[in-house]
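Chain by chain, the residues:
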Amino acid sequence: YGADFTLTATPSRPIVGTLKDARTGEPLADAEVRSDRFSGSTFVGMGSLRTRSDSKGRFRLMGMPKGKENQILVVPNDEQPYFLHTAKVPDAPGMTPVMVEVALQRGIWIEGKVTEKTTGKPVAGAWLHYLPFLSNTFAQANQEFGKDMLGGIGFQNRYLSKADGSFRLVGLPGRAIVGADVW
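Residues numbered from 1 in each chain as written. Predicted model: local features only at pLDDT ≥ 70, side-chain atom pairs only at ≥ 80, totals over all residues. Heavy atoms only, no water.

A closer look at the packing of aromatic side chains
Here is step 1: For the structure on display, the rule yields 4 aromatic pairs.
Here is step 2: Taking the centre distance of 6.4 Å and the plane angle of 40° together, the rings of F83 and Y130 count as tilted. In this pair, F83 sits in the loop between β5 (70–75) and β6 (85–89) while Y130 sits in strand β9 (residues 127–132), placing the two residues 47 residues apart along the sequence. Considered together, F83 and Y130 belong to a single accessibility category, that of buried residues.
Here is step 3: Feature note: the residues F83, Y130 and F145 constitute an aromatic cluster, connected by ring pairs. (Phe/Tyr/Trp six-rings, centres within 6.5 Å; stacked < 30°, edge-to-face > 60°. Helix = DSSP H or I, 4+ residues; strand = E, 2+ residues; numbered from the N terminus. Buried < 20%, exposed > 50% of the residue type's maximum accessible area, 1.4 Å probe, protein only.)

Structure representation (structure tokens):
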């Protein structure tokens, strides 16, 4: 006595493009490109579709619906000191692949260790956050940070402390707060 179910799927079109360093124009290989927002949805962080850039920074993401307000998220690999970047996907007429060119901003590595205050023991799995001060001129000049200086804060699982409490995350010169959340 199962219920009837009908799903009418919307057409999909490939999203193709390249990832590069915003300053040098050099291609970024082995960075992940994820679906972040689907057309017609108010949910963000929809990373169910994923692909990686090749040695020339090229990528091809399949499965996102045709329509307005599609958005992708670029997540550099753990050896690339670049900030996360969201990019809107244009909705051109037709069903041919849509092009998205993404230029990522390079940062600097910030390294440290998360420990339990009373015992001094390392804390594994803490979520790390980089929050520049509003007065930080390096962040003011960086496309990843808006007026609130919350670049990438919504994407929580990129930077986690290791078993020994050590961490490394991308930041900028100038004043900032490095925070850790432990659940």
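A closer look at unusual backbone geometry
Here is step 1: With a phi close to 60°, D30 is a non-glycine residue in the positive phi region.
Here is step 2: Topologically, D30 is positioned in the loop between β1 (15–21) and β2 (32–37).
Here is step 3: With relative accessibility at 36%, the residue D30 sits in the partly exposed group.
Here is step 4: One non-glycine residue with positive phi stands out, namely E69, at about 75°.
Here is step 5: With respect to the secondary-structure elements, E69 resides in the loop between β4 (58–61) and β5.
Here is step 6: The exposure class assigned to E69 is exposed, which follows from its relative accessible area of 57%.

Some remarks on the sheet that holds strand β7 (residues 98–104)
Here is step 1: Ordered in space as β4-β1-β7, the 3 strands form an open sheet in which the pairing is mixed. Every other strand in the sheet has two partners, leaving β4 and β7 as the edge strands with one partner each. Strand-to-strand twist across the sheet, computed as the mean angle between neighbouring axes with direction ignored, equals 25°. (Pairing = 2+ DSSP bridges. Axes fitted to C-alpha atoms, helices over the stretch in contact; angles between N-to-C directions.)

Points about the environment of F138
Here is step 1: Its location among the elements puts F138 in helix α1 (residues 137–140).
Here is step 2: The class for F138 is partly exposed, based on a relative accessible area of 46%.
Here is step 3: When the C-alpha positions of F138 and P14 are compared, they lie 35 Å apart, and in sequence the two are 124 residues distant.
Here is step 4: In this structure, F138 is in contact with L172, P173 and G174, ignoring residues within four places of it in sequence. (Contact = heavy atoms within 4.5 Å.)

As for the pattern of salt bridges
Here is step 1: Applying the stated criterion across every chain, the model contains 8 salt bridges.
Here is step 2: In this structure, D91 engages R13 in a salt bridge whose closest nitrogen and oxygen atoms are separated by 3.4 Å. Here the residue D91 occupies a position in the loop between β6 and β7, and R13 occupies one in the segment before β1, the gap between them amounting to 78 residues.
Here is step 3: What makes D91 partly exposed here is its relative accessible area of 31%.
Here is step 4: The exposure class of R13 is buried, given its relative accessible area of 4%. (Salt bridge = Lys/Arg side-chain N within 4 Å of Asp/Glu carboxyl O.)

What about the environment of E116?
Here is step 1: Of note, E116 is situated in the loop between β8 (108–113) and β9.
Here is step 2: Considering only alpha carbons, one finds E116 and I177, 61 residues apart in sequence, at a separation of 18 Å.
Here is step 3: Those residues within four positions of E116 in sequence are excluded, and the remaining contacts are K121 and V123.
Here is step 4: Polar side-chain contacts of E116 include one of 2.5 Å to the side chain of T118. (Polar contact = N/O pair within 3.5 Å; in protein donor to acceptor, adjacent residues only side chain to side chain.)

Re the pairing of β2
Here is step 1: Within β2, 5 of the 6 residues are buried, leaving the element largely enclosed by the surrounding structure.
Here is step 2: By the bridge criterion, 3 bridges tie β2 to strand β3 (residues 50–52) in an arrangement that is antiparallel. Each residue of the ladder has a partner; that of V33, found in β3, is T51.

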